[in-house]
Amino acid sequence: MNRLLVFKMFGLEYFLFVLLAIGITIALVFPFRSASEQKKKVINYVLMGCLSLFVILEFIGRCLTKNFNFFDNLPFEYFHIFTYIIIFSVIKNSLSWQRFAYLIMAPVSLFFTLFPSEHYLASSPFGLQVISFYLINICILSYSILNMLWMEEGIEYKHILIASMDFVVMLSAVHIINVVMRFTAWGLHSNCFGTMGEEYNLIISFLYKLIPVSLVALLPLVAILIGVEFLLVLPFAKSQDNRDRQSHIEELVALGNMKAQQEYRQKMKSKSQILVRSETKAMPSTPKDVGGKSSSGFVSVIKEVKTNNETKED
């Protein structure tokens, strides 16, 4: 086979597919980030339908390869599992799985977009299998990012633990399937999700050489994933903290708290008219003197009246 027609890591076709995948994802996400509720449902169903179609096409591409073994290619790869989750999430409108998609599915799909399985290497870059693989990742990334942008309740640090535990359970279940397939000799090369290590992709194969224990070799990647999750949650957490702080300060300002007014004035670039009037009332620049004499003419009384309702008699 002509080496120009072979898909390989860091080759021309590799960079072409990676750039196209990222570019198409951005092009799909950007115009729909502020879609209406009706459009959101339609977009999710379209993404779900396209994803299901591309998964089927990818499996057909596998069947057309030489020495195909069904038990070595069970539908338990990462994108198969993510497809099941997306279908369930779209039908049930599950908020927890939408968070899972943003925290787990998006970074994992991006990882495999950058480091595809050996299964796709040394094959035609413009064949059904490779093209379907990248279209699958585009759909997963688009769904994960869009539903994060549409999310009303937001994401907190506590959701990292929940999503990470679900992911570890998922990996463990797939690993058991791989072990059973190999133990029964039905799938001697079963390695769904790369839990068996070996020659799965560039990074997992490298880790397996350092830690030659199946499933355990993936733990460094899981640890890195948790760190990435913290980075993904950080903007939401800081934004929520700022909103809570501003809301608290505005509440104190409304109650006439001087310290809160000063803090609010220092942090906010623009002042509201209500705040300016409140400041003028609380901190008068010049007192207002009101003078007068009693009707008897013998006693002179002068009062100094301040705008904060304080009075002083001489």
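Everything here concerns the structure above.
What counts, and where the lines are drawn
Residues numbered from 1 in each chain as written. Predicted model: local features only at pLDDT ≥ 70, side-chain atom pairs only at ≥ 80, totals over all residues. Heavy atoms only, no water. Helix = DSSP H or I, 4+ residues; strand = E, 2+ residues; numbered from the N terminus. Polar contact = N/O pair within 3.5 Å; in protein donor to acceptor, adjacent residues only side chain to side chain. Contact = heavy atoms within 4.5 Å. Salt bridge = Lys/Arg side-chain N within 4 Å of Asp/Glu carboxyl O. Buried < 20%, exposed > 50% of the residue type's maximum accessible area, 1.4 Å probe, protein only. Disulfide = S-S within 2.5 Å. Core = buried A, V, L, I, M, F, W, Y, C linked by side-chain atoms within 4.5 Å.

Here's the deal with the side chain of serine 144
Thinking step 1. With respect to the secondary-structure elements, serine 144 resides in helix H5 (residues 128-150).
Thinking step 2. Among the polar contacts listed, one links the side chain of serine 144 to the backbone oxygen of isoleucine 140, at a separation of 2.8 Å.
Thinking step 3. What serine 144 contacts, discounting residues up to four positions off in sequence, is Ala101, Tyr102, Met105 and Ala106.

Some remarks on the environment of isoleucine 176
Thinking step 1. Counting through the fold element by element, isoleucine 176 comes out in helix H6 (residues 158-183).
Thinking step 2. In this structure, the C-alpha to C-alpha distance between isoleucine 176 and leucine 215, residues 39 residues apart in sequence, is 9.9 Å.

Some words on the pattern of salt bridges
Thinking step 1. Applying the stated rule across the entire model yields 5 salt bridges.
Thinking step 2. Linking glutamate 58 and arginine 62 is a salt bridge whose minimum nitrogen-to-oxygen distance equals 2.8 Å. Separated by 4 residues within a single helix, glutamate 58 and arginine 62 lie in helix H2 (residues 37-63), roughly one turn from each other.
Thinking step 3. Between glutamate 198 and arginine 182 there is a salt bridge whose closest N-O contact spans 2.8 Å. Note that glutamate 198 is positioned in the loop between H6 and helix H7 (202-210) and arginine 182 in helix H6, a separation of 16 residues in sequence.
Thinking step 4. A relative accessible area of 33% places glutamate 198 in the partly exposed class.

Notes on the state of the cysteines
Thinking step 1. In the structure shown here, the tally under the stated rule is 0 disulfides.
Thinking step 2. Cysteine 139 supplies the cysteine sulfur nearest to cysteine 50, a cysteine that is in no disulfide, at a spacing of 5.4 Å.

Side note on the nonpolar core
Side chains of nonpolar character tend, in soluble globular proteins, to be buried together.
Thinking step 1. By size, the foremost hydrophobic cluster in this structure holds 62 residues, and its most contacted members are Phe82, Phe100, Val108, Tyr134, Phe167 and Phe193.
Thinking step 2. Elements represented by at least two residues in this core include exactly helix H1 (12-29), H2, helix H3 (78-92), helix H4 (95-114), H5, H6 and helix H8 (219-254).
Thinking step 3. Among the elements that make up this core, the one with the highest residue count is H5 (11 residues).
Thinking step 4. With near-sequence residues (within four places) excluded, tyrosine 134 lies in contact with Phe7, Tyr14, Phe17, Val18, Ala21, Thr113 and Pro116.

All we've got here are geometric facts, nothing functional implied.
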